[in-house]
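Below, each chain spelled out in residue letters.
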Amino acid sequence: QVQLVESGGGLVQPGGSLRLSCAASGGIFSTHAMGWYRQAPGKQRELVAAMPSGGTAHYSDSVKGRFTISRDGAKNTVNLQMNSLKPEDTAVYYCYVYKDSMYYWGQGTQVTVSS
């Protein structure tokens, strides 16, 4: 059973930083693509960062240069370093993994950017 548990969300002022982490279990290996997406109130789900197998990281134009995705294979975790946060970054952030032709996701963690 694939399990993804996100952590690190919270309230931060504009210009601040947060680091999100996702702990994966259930036969997840470094060859499986993983990443993050988000959904803000009244908006469609948006892919913000992806790390496909055998390729370089991909970022949404809205976060490029501010967010950095990384993986720790030994601990089966994927992280999202979020810098220079803006109010429009406010959303629920979800971690995902692509395994055996299926997408899995966690419960999400709330990120609120407000002064």
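A.B. asks: How should I be thinking about the overall build of the protein chain in this particular structure?
C.D. replies: A tally of helices and strands in the protein chain yields zero helices and eleven strands. Ordering the α and β elements of the protein chain from the N terminus gives β-β-β-β-β-β-β-β-β-β-β. The C-alpha atoms of the protein chain give a radius of gyration of 13 Å, which matches the 13 Å a tight globule of 115 residues would have. Taken along its principal axes, the extent of the C-alpha atoms in the protein chain is 40 × 25 × 25 Å. Put simply, the protein chain has 115 residues, and 40% of those count as buried. Here the contacts in the protein chain between residues at least 6 apart in sequence split such that 54% fall between residues at least 24 apart. Accessible surface computed for the protein chain: about 6,500 Å², of which carbon and sulfur atoms make up 48%. Each charge class in the protein chain was averaged separately, 10 positive and 7 negative side chains, and the resulting centres sit 2 Å apart.

A.B. asks: Could you clarify how one ought to interpret unusual backbone geometry in this entry?
C.D. replies: Apart from glycine, the bulk of residues carry a negative phi angle, and the bulk of peptide bonds sit in the trans form. With phi around 50 degrees, Ser84 is a residue other than glycine that occupies positive phi space. Checked against the element boundaries, Ser84 lands in the loop between strand E8 (77–82) and strand E9 (91–99). Exposure remark for Ser84: the relative accessible area of 39% places this residue in the partly exposed category. Even without glycine at this site, Asp100 takes up a positive phi of about 50 degrees.

A.B. asks: Just to check I follow, could you spell out a nonpolar patch on the surface for this structure?
C.D. replies: Judged by side-chain polarity, Tyr98, Tyr103 and Trp105 come together as a nonpolar surface patch covering roughly 380 Å² of accessible area. If you trace the backbone, Tyr103 turns up in strand E10 (residues 102–105).

Definitions and cut-offs
Residues numbered from 1 in each chain as written. Predicted model: local features only at pLDDT ≥ 70, side-chain atom pairs only at ≥ 80, totals over all residues. Heavy atoms only, no water. Helix = DSSP H or I, 4+ residues; strand = E, 2+ residues; numbered from the N terminus. Rg over C-alpha atoms; globule rule 2.2 N^0.38 Å. Buried < 20%, exposed > 50% of the residue type's maximum accessible area, 1.4 Å probe, protein only. Contact = heavy atoms within 4.5 Å. Areas by Shrake-Rupley, 256 points an atom, 1.4 Å probe, with all protein chains shown as cover. Lys, Arg positive; Asp, Glu negative; His and termini not counted. Charge placed at Lys NZ, Arg CZ, Asp CG, Glu CD. Patch = residues over 30% accessible without salt bridge, like charges linked within 9 Å, V, L, I, M, F, W, Y side chains within 5 Å. Salt bridge = Lys/Arg side-chain N within 4 Å of Asp/Glu carboxyl O.

Coordinates in, geometry out; function isn't part of it.
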